[in-house]
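Spelled out from the first residue to the last, the chains are:
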Amino acid sequence: MNADTLIKTAQAMVEPGKGVLAADESTGTIKKRFDSINVESVEETRRAYRDMLFTTPGMEDFVSSVILFEETLYQKSSDGTPFSKLLADKGVIPGIKVDKGAKPLAGAEGETVTEGLDGLRERLIEYRKAGARFAKWRAVITIGDGIPTDYCIQANAHALARYAALCQEQDIVPIVEPEVLMDADNSIEVCEDVTSRTLQAVFAELDQQGVLLEGMLLKPNMVISGKQCPTQADVQTVAEATVRTLKRYVPSAVPGIVFLSGGQSDELATAHLDAMNKIGDLPWALSFSYGRALQAPALAAWGGKNENVAAGQRAFFHRAKCNSAAAKGEYTSAMEQAA
Ligand code: 13P
């Protein structure tokens, strides 16, 4: 393990005003996204869509790094340049999603544990050769009647730490993603409680397994009302609850926290990030690692058509620029109108 490499990479990923593009949708998830625009999901359409995003002129001013799905890591841009090289040549760091998805947790109805540890060391060696400098592993915590159980939180925290230690052994920066889902009818207070339990368990395991906190990033959910909750906490309340919770459970040695968007609308995800950074006096960089909230308008503008590539790129550029401003606490809703 080269601590210096890990620390430099992690810091570069959260340079001021920059964040991460999560373009690592699995084959199943990208099919759902393509279904929404009536585009068939085959290897070539997936390649063309990612090519559009990655060749967006100027996106490197706002996007420090991109999470790829394994298939994409080995695909090429239309001119034959491997995506990992195309990104690296622009100064954008390529990374890869390495988990094998959330599977039912034995003896725990309605709960999952993320799989993919077997053979991970060997896969990481190959991914690094192919250009990956960081990785992502997503654990899923579901809120419901009597869940999450401590058993589920513990099992996922343990796997996240094992993954993170293996990554660092190969000089790959781990993005540690414990996602508390935002889909239920719970209040923001319940989300705060579950997020607190989760982060506490995750950092205890990371410590236990000797993970270098300075050489990793955390990718959490925001502390937010469940989507089905009749009363939705406002932007300022979400920002304050999220910062309060992170300050309690995330050591200041962690260089950056990059949020997932979790199905929030694109503008709301930007407003939340901005409000947190406007609070100021934070021990870590707070930025984005959005999938849907960075891509939704670009996906719609593209619609699978070659002639719409420029329109898709404009839509992606705009969201990246707004989120870059939010990562500095400099976003205003006027930025949306200007577009
Ligand atoms: P969303 O921002 O769409 O939640 O995706 C981020 C991600 O990478 C989830 O693992």
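Now for a description of the structure that goes with this document. Just so it is clear, the model here is predicted, and its values are computed rather than measured.

Conventions and cut-offs
Residues numbered from 1 in each chain as written. Predicted model: local features only at pLDDT ≥ 70, side-chain atom pairs only at ≥ 80, totals over all residues. Heavy atoms only, no water. Axes fitted to C-alpha atoms, helices over the stretch in contact; angles between N-to-C directions. Helix = DSSP H or I, 4+ residues; strand = E, 2+ residues; numbered from the N terminus. Parallel < 35°, antiparallel > 145°, perpendicular 65-115°, else oblique. Left-handed = near helix turned anticlockwise from the far one by under 90°. Contact = heavy atoms within 4.5 Å. Nonpolar A, V, L, I, M, F, W, Y, C, P; charged D, E, K, R; others polar. Phe/Tyr/Trp six-rings, centres within 6.5 Å; stacked < 30°, edge-to-face > 60°. Buried < 20%, exposed > 50% of the residue type's maximum accessible area, 1.4 Å probe, protein only. Core = buried A, V, L, I, M, F, W, Y, C linked by side-chain atoms within 4.5 Å. Near = heavy atom within 4 Å. Polar contact = N/O pair within 3.5 Å; in protein donor to acceptor, adjacent residues only side chain to side chain. Areas by Shrake-Rupley, 256 points an atom, 1.4 Å probe, with all protein chains shown as cover. Pairing = 2+ DSSP bridges. Expected span 1.5 Å × (residues − 1). Right-handed = clockwise from strand over helix to strand, strands pointing away.

### What to know about the packing of helix α3 (residues 43–54) against helix α11 (residues 292–302)
Piece 1. Closest axis-to-axis distance for the α3/α11 pair is 11 Å, and the angle between their directions is 120°. Here α3 is positioned oblique relative to α11, judged by the angle of their axes. Between α3 and α11 lies a crossing of right-handed hand. Of the residues in α11, those in contact with Thr45, Ala48, Tyr49, Met52 and Leu53 of α3 are Gln295, Ala298, Leu299 and Trp302.
Piece 2. Partitioning the contact of α3 with α11 into residue classes produces seven nonpolar, two polar and no charged.

### A closer look at the packing of aromatic side chains
Piece 1. Evaluation of the coordinates by the stated rule reveals seven aromatic pairs.
Piece 2. Here the aromatic rings of Phe34 and Tyr49 are separated by 5.7 Å at their centres, their planes lie at 90°, and the arrangement is edge-to-face. Pair noted here: Phe34 is in helix α2 (residues 27–35) and Tyr49 is in helix α3, with a separation of 15 residues, a long-range link.
Piece 3. A residue is classified by how much of its surface remains accessible, and Phe34, at 0% relative accessible area, is buried.
Piece 4. Ring centres of Phe62 and Phe317 lie 5.2 Å apart, and the angle between their planes is 70°; this geometry places the pair in the edge-to-face category. You can see Phe62 sitting in the loop between α3 and β2 (63–68) and its partner Phe317 sitting in helix α12 (residues 309–327), a full 255 residues away along the chain.
Piece 5. The buried category is assigned to Phe62, whose relative accessible area is 12%.
Piece 6. What links up through ring pairs into an aromatic cluster is the set Phe34, Tyr49 and Trp302.

### With respect to the side chain of Arg319
Piece 1. Position of Arg319 relative to the elements: it lies in helix α12.
Piece 2. Given a relative accessible area of 2%, Arg319 falls into the buried group.
Piece 3. When sequence neighbours within four positions are dropped, the list of residues in contact with Arg319 reads Asp266, Glu267, Thr270, Ala293, Leu294, Pro297, Tyr331 and Glu336.

### Points about the nonpolar core
Piece 1. Of all hydrophobic cores here, the largest spans 98 residues; its most connected members are Phe54, Val66, Tyr163 and Leu206.
Piece 2. Per-element accounting of this core gives the leading share, ten residues, to helix α7 (residues 150–169).
Piece 3. Leave out the neighbours within four places in its chain, and Tyr163 touches Val98, Leu117, Leu120, Ala135, Lys136, Trp137, Pro174, Ile175 and Val176.
Piece 4. Judged by nonpolar contacts, the second largest core, of 14 residues, contains Ala10, Phe134, Ile175 and Val258.

### Side note on the site of the ligand
Piece 1. Of all residues adjacent to the ligand, which total 13 residues, the nearest are Lys136, Lys219, Ser261, Gly262 and Arg292.
Piece 2. Within the contact set of the ligand, an oxygen atom lies 2.4 Å away from a side-chain nitrogen or oxygen of Ser261.
Piece 3. Burial of the ligand by the surrounding chains reaches 91%, relative to a free accessible area of 300 Å².
Piece 4. Contributions of two or more residues to the shell around the ligand are made by β6 (134–141) and β10 (285–290).
Piece 5. Looking at side-chain class alone, the shell around the ligand contains three nonpolar, four polar and six charged residues.

### Side note on the sheet that holds β6
Piece 1. Here we have eight strands rolled up into a closed barrel, ordered β1-β2-β3-β6-β7-β8-β9-β10, and parallel in their pairing.
Piece 2. As paired elements, β6 and strand β7 (residues 173–180) share eight bridges and run parallel to each other. Within β7, the residue paired with Val140 across the bridge is Glu179.
Piece 3. Strands in contact with α3 are β1 (19–23) and β2; relative to β1, the strand with the most contacts, it is inclined by about 165°.

### Here we look at helix α8 (residues 188–208)
Piece 1. In a regular helix each residue adds 1.5 Å, so 21 residues correspond to 30 Å; α8 covers 30 Å between its end C-alpha atoms and thus fits that length.
Piece 2. At the C-terminal side of α8, Gly210 shows a positive phi close to 70°.

### Points about the environment of Ile279
Piece 1. As for its position among the elements, Ile279 is in helix α10 (residues 266–279).
Piece 2. Looking at Ile279, the relative accessible area reads 36%, which means it is partly exposed.
Piece 3. Along the chain, Ile279 and Gly329 lie 50 residues apart, while their C-alpha atoms are 8.3 Å from each other.
Piece 4. Look past the residues within four positions of Ile279 in its chain and what remains in contact with it is Gln236, Ala239, Glu240 and Val243.

### Overview of the pairing of β7
Piece 1. With eight of its eight residues buried, β7 lies for the most part within the structure.
Piece 2. Neither face of β7 is left uncovered, since the one carrying Val173, Ile175, Glu177 and Glu179 and the one carrying Pro174, Val176, Pro178 and Val180 both have all their residues buried.
Piece 3. Remark: the β6/α7/β7 crossover connection has right-handed handedness.
Piece 4. For β7 and strand β8 (residues 217–218), the ladder comprises two bridges, and the chain directions are parallel. Its bridge partner being in β8, Ile175 is matched across the sheet by Leu217.

### What to know about unusual backbone geometry
Piece 1. Across the junction of Ile147 and Pro148, the peptide omega takes the value 10°, indicating a cis bond.
Piece 2. For Asn38, which is not glycine, the phi dihedral falls at a positive 60°.
Piece 3. Examined against the element boundaries, Asn38 turns out to sit in the loop between α2 and α3.
Piece 4. According to the relative accessible area criterion, Asn38 is exposed, its value standing at 75%.

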